[in-house]
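Okay, here's what each chain looks like letter by letter:
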Amino acid sequence: MEMLYGLLRTLIGWPGIITSIVLVSIGIYSKRIWLIILGAIFAIPISWYLGSTPKFRYIMYALPIFFVGSALAIKYEKSRLAWIFVLPYVGIIGWLGLTVLSQ
């Protein structure tokens with residue numbers, strides 16, 4: 001049971017956030033769609049967790065879908081559009097990180 005709690009903390013916490021951003025970035029750079037989808041899967045737990053808060057109620061549930069849009073953009077060889085799809089997630093997570101660090 002202790003191992004399960006450790007896994008959940010890893011997926012929901014900052015290691016899961018950083019892993020999702022790194023996987024998507026490497027996936028876009030190397031044009032590997034499966035890495036982008038894996039990054040989207042790693043983004044789901046924090047998105048659901050933050051989606052249950054009043055401030056992020058509507059936007060956070062949709063953010064992993066942007067990663068899927070990024071994978072589709074790579075499929076159709078539109079790498080600039082793929083990076084644009086990543087920006088909302090990185091922006092919100094960056095804002096959240098700055099908010100946490102400034103407290």
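Heads up: the structure comes first, above all this text.
In this text the structure is predicted, and so the values were computed from the model without any measurement.

Enquirer: Sorry, what's going on with the overall build of the chain here?
Expert: Helix and strand content of the chain: 5 helices and 0 strands. Going residue by residue from the N terminus, the α and β elements of the chain occur as α-α-α-α-α. The C-alpha atoms of the chain give a radius of gyration of 14 Å, which matches the 13 Å a tight globule of 103 residues would have. The principal-axis extent of the C-alpha atoms belonging to the chain is close to 40 × 30 × 25 Å. Across the 103 residues that make up the chain, the buried fraction comes to 32%. Contacts in the chain between residues at least 24 apart in sequence constitute 54% of all its contacts with a sequence separation of at least 6. Put simply, the chain shows about 6,800 Å² of open surface, and 73% of that area lies on carbon and sulfur atoms.

Enquirer: Mind showing me how you'd approach the packing of helix 4 (residues 63-75) against helix 5 (residues 79-101) here?
Expert: Think of two packed helices as two axes; the pair is described by the angle between the axes and how far apart they sit. Two elements in contact, helix 4 and helix 5, have axes separated by 7 Å at closest approach and are oriented at 165°. Classified by the angle between their axes, helix 4 and helix 5 sit roughly antiparallel to one another. Crossing handedness for the pair helix 4 and helix 5: left-handed. Counting all contacts with helix 4, which are made through Leu 63, Phe 66, Phe 67, Gly 69, Ser 70, Ala 73 and Ile 74, the residues of helix 5 involved are Ser 79, Leu 81, Ala 82, Phe 85, Val 86, Pro 88, Tyr 89 and Ile 92. When its residues are assigned to classes, the contact of helix 4 with helix 5 shows 12 nonpolar, 3 polar and no charged.

Enquirer: What's the story with the nonpolar core in this structure? I'm lost.
Expert: Looking at soluble globular proteins, one finds that nonpolar side chains tend to be buried together. Formed by 21 residues in total, the largest nonpolar core has its most connected members in Val 24, Ile 28, Ile 36, Leu 50, Met 60, Phe 67 and Tyr 89. Looking at this core, the elements with two or more residues in it are helix 2 (14-30), helix 3 (33-51), helix 4 and helix 5. Examining the composition of this core, we find that 6 residues originate from one element, helix 5, more than from any other. Apart from the residues lying within four places of it in its own chain, the contact partners of Tyr 89 are Ile 17, Ser 20, Ile 21, Ala 43, Ile 46, Ser 47, Leu 63 and Phe 67.

Enquirer: Even after reading the chapter, I still don't get the side chain of Ser 47, so can you show me in this structure?
Expert: Note that Ser 47 resides in helix 3. If we skip the residues at most four places from it in the chain, Ser 47 touches Met 60, Tyr 61, Leu 63, Pro 64 and Tyr 89.

Enquirer: How should I be thinking about the side chain of Ser 70 in this particular structure?
Expert: For Ser 70, the position within the fold is in helix 4. In contact with Ser 70, other than residues within four places in its own chain, are Ile 28, Ile 36, Ala 82, Phe 85 and Val 86.

Enquirer: When you look at a nonpolar patch on the surface in this model, what are you seeing that I'm missing?
Expert: Taken together, the side chains of Ile 33, Trp 34, Ile 37, Leu 38, Ile 41, Val 68, Leu 72 and Tyr 76 define a hydrophobic patch exposed on the protein surface, amounting to about 750 Å² of accessible area. Those elements that provide at least two residues to the nonpolar patch are helix 3 and helix 4. For the nonpolar patch, the leading source of residues is helix 3, giving 5 residues. As for its placement among the helices and strands, Leu 72 is situated in helix 4.

What counts and how
- Residues numbered from 1 in each chain as written.
- Predicted model: local features only at pLDDT ≥ 70, side-chain atom pairs only at ≥ 80, totals over all residues.
- Heavy atoms only, no water.
- Helix = DSSP H or I, 4+ residues; strand = E, 2+ residues; numbered from the N terminus.
- Rg over C-alpha atoms; globule rule 2.2 N^0.38 Å.
- Buried < 20%, exposed > 50% of the residue type's maximum accessible area, 1.4 Å probe, protein only.
- Contact = heavy atoms within 4.5 Å.
- Areas by Shrake-Rupley, 256 points an atom, 1.4 Å probe, with all protein chains shown as cover.
- Axes fitted to C-alpha atoms, helices over the stretch in contact; angles between N-to-C directions.
- Parallel < 35°, antiparallel > 145°, perpendicular 65-115°, else oblique.
- Left-handed = near helix turned anticlockwise from the far one by under 90°.
- Nonpolar A, V, L, I, M, F, W, Y, C, P; charged D, E, K, R; others polar.
- Core = buried A, V, L, I, M, F, W, Y, C linked by side-chain atoms within 4.5 Å.
- Patch = residues over 30% accessible without salt bridge, like charges linked within 9 Å, V, L, I, M, F, W, Y side chains within 5 Å.
- Salt bridge = Lys/Arg side-chain N within 4 Å of Asp/Glu carboxyl O.

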